[in-house]
Amino acid sequence: MARPLSRAQQLENAAFLSLLRTTGNVRATCAALGRHRALFTRRRAKHPGFAAEWDAALAIAHAALNDPARAHARETQGAARSGPAPPPSEPEPHLHRTPGGRCQLRRAGTRRRLTRAGEQAFLAALSATANIRLSAAAAGFSHSAFYARAKASPGFAREMRLALQLGYDRIELALLESALPQSHRDDAWRHNDPPPIPPMSANQALQLMYLHQKQARLQEEPALIKRRRGESSDVHSFRLAAMYQAHAAEQRALFAIAEAERRAQGEPWLFGPEHLPDPPILPDLAQVTGWSKAKARQASRKADPSDDAGSAPASGAYHPDVALFGGWRLGDWEG
């Protein structure tokens, strides 16, 4: 398991992803941040959550670049900078016969056909975002084109379903990772000075402290298990057990936050692998002798052909048919 990122590294990743959503170019983003591309690629290989956000940022950037409105705006800005462009030549019309047999005069358009490269771009974006419309925009086609292709091609429908499942799993893992204290997503306020306290009277301050005393200083009861009039002893016991579990979960969360802060300062783990003792060195257990207390068979006993252990030696040597830990055998009983 990779070590969690520090708060400075998380902020650096956030700046990288924010700029990547705009440029859609990893090298240009790293150059703008003044960092080497290998730094972020190594983090991508070790942290699946960052890899999922990376792919999602690229998909969003490609969707924005393929947006017709934005493309028209870019063309308009380019034309304003370079001067008036020559008027485009009108395509020549051509005859087209409809499935009903009617002939129509149509103008040749610039309609794009869905290619295999477009399908793969859509599936790659879908595996990162789990969003069909966004993935279709990133590939440069409408979402209805991919729905029609999935309806006509069972193979593409299978790949579309698998890509959607992969994107769902990656987003779920990224969401779970973002909720950990090591993600440093929601603790920016703790690293800044609090604003000044607004003016209030002593009575107002005491009233605020009274209203929030249980939540800030004591263990607040969850709303679903607050004690009600006439509750039984079983319900009361259940309420106390639930309060204990909630308190234990809060203490674990506080410990995780403190451990994340220690890791952010470069301190070692409190209970990391470096604190574990070395494993003991043991000899081959098959070669260990002199530990068995099983009594040797008496030398005066005659071998009984019907006894499966009758050929056992009289000494204390090991025999596979004699119990290692001693004990009585049915053949040793005297009637």
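Here the structure is shown first, and the text comes after it.
On a predicted model such as this, the values are computed, not experimentally measured, just so you know.

### Here's the deal with the packing of helix H7 (residues 132-139) against helix H8 (residues 143-152)
Consideration 1: In the contact formed by H7 and H8, the axes pass within 8 Å of each other and the chain directions differ by 100 degrees. One way to sum up the angle between H7 and H8 is to call them roughly perpendicular. Along the contact surface, H7 presents Ile 132, Arg 133, Ala 136 and Ala 139, while H8 presents His 143, Phe 146 and Tyr 147.

### Regarding the side chain of Asn 13
Consideration 1: Here Asn 13 shows up in helix H1 (residues 7-23).
Consideration 2: Only 2.7 Å separates the side chain of Asn 13 from the side chain of Arg 43, close enough to count as a polar contact.
Consideration 3: Setting aside its immediate chain neighbours within four residues, Asn 13 contacts Leu 5, Phe 40, Arg 43 and Phe 50.

### Some details on the packing of helix H4 (residues 48-65) against H7
Consideration 1: As a packed pair, H4 and H7 sit with axes 7 Å apart at the nearest point and diverge in direction by 60 degrees. Viewed along their axes, H4 and H7 adopt a mutual orientation that is oblique. Crossing handedness for the pair H4 and H7: left-handed. From H4, Ala 59, Ile 60, His 62 and Ala 63 reach across to H7, where they touch Leu 134, Ala 137 and Ala 138.

### Overview of the pattern of salt bridges
Consideration 1: According to the stated counting rule, one finds six salt bridges in the structure shown.
Consideration 2: Across the pair Asp 55 and Arg 44 runs a salt bridge, and its minimum N-O distance is 2.9 Å. With a gap of eleven residues between them, Asp 55 in helix H4 and Arg 44 in helix H3 (residues 37-46) connect regions that are remote in the sequence.
Consideration 3: According to the relative accessible area criterion, Asp 55 is buried, its value standing at 16%.
Consideration 4: Of the charged contacts, one joins Arg 158 and Glu 159 as a salt bridge, the two residues approaching to 3.1 Å between their closest N and O atoms.
Consideration 5: Assessed through its relative accessible area of 40%, Arg 158 is described here as partly exposed.
Consideration 6: Overlapping salt bridges bring together Glu 12, Arg 35 and Arg 43 as one network.

### Re helix H12 (residues 233-264)
Consideration 1: Its 32 residues place the ends of H12 47 Å apart at the C-alpha level, agreeing with the 46 Å of an ideal helix rising 1.5 Å per residue.
Consideration 2: Along H12, the positions that sit buried rather than exposed are Arg 239, Ala 242, Met 243, Ala 256, Glu 259, Ala 260 and Arg 263.
Consideration 3: One or two residues past the end of H12 sits Gly 266, with phi positive at roughly 85 degrees.

Parameters and conventions
Residues numbered from 1 in each chain as written. Predicted model: local features only at pLDDT ≥ 70, side-chain atom pairs only at ≥ 80, totals over all residues. Heavy atoms only, no water. Axes fitted to C-alpha atoms, helices over the stretch in contact; angles between N-to-C directions. Helix = DSSP H or I, 4+ residues; strand = E, 2+ residues; numbered from the N terminus. Parallel < 35°, antiparallel > 145°, perpendicular 65-115°, else oblique. Contact = heavy atoms within 4.5 Å. Polar contact = N/O pair within 3.5 Å; in protein donor to acceptor, adjacent residues only side chain to side chain. Left-handed = near helix turned anticlockwise from the far one by under 90°. Salt bridge = Lys/Arg side-chain N within 4 Å of Asp/Glu carboxyl O. Buried < 20%, exposed > 50% of the residue type's maximum accessible area, 1.4 Å probe, protein only. Expected span 1.5 Å × (residues − 1).

Shape is all these values report; function is a separate question.
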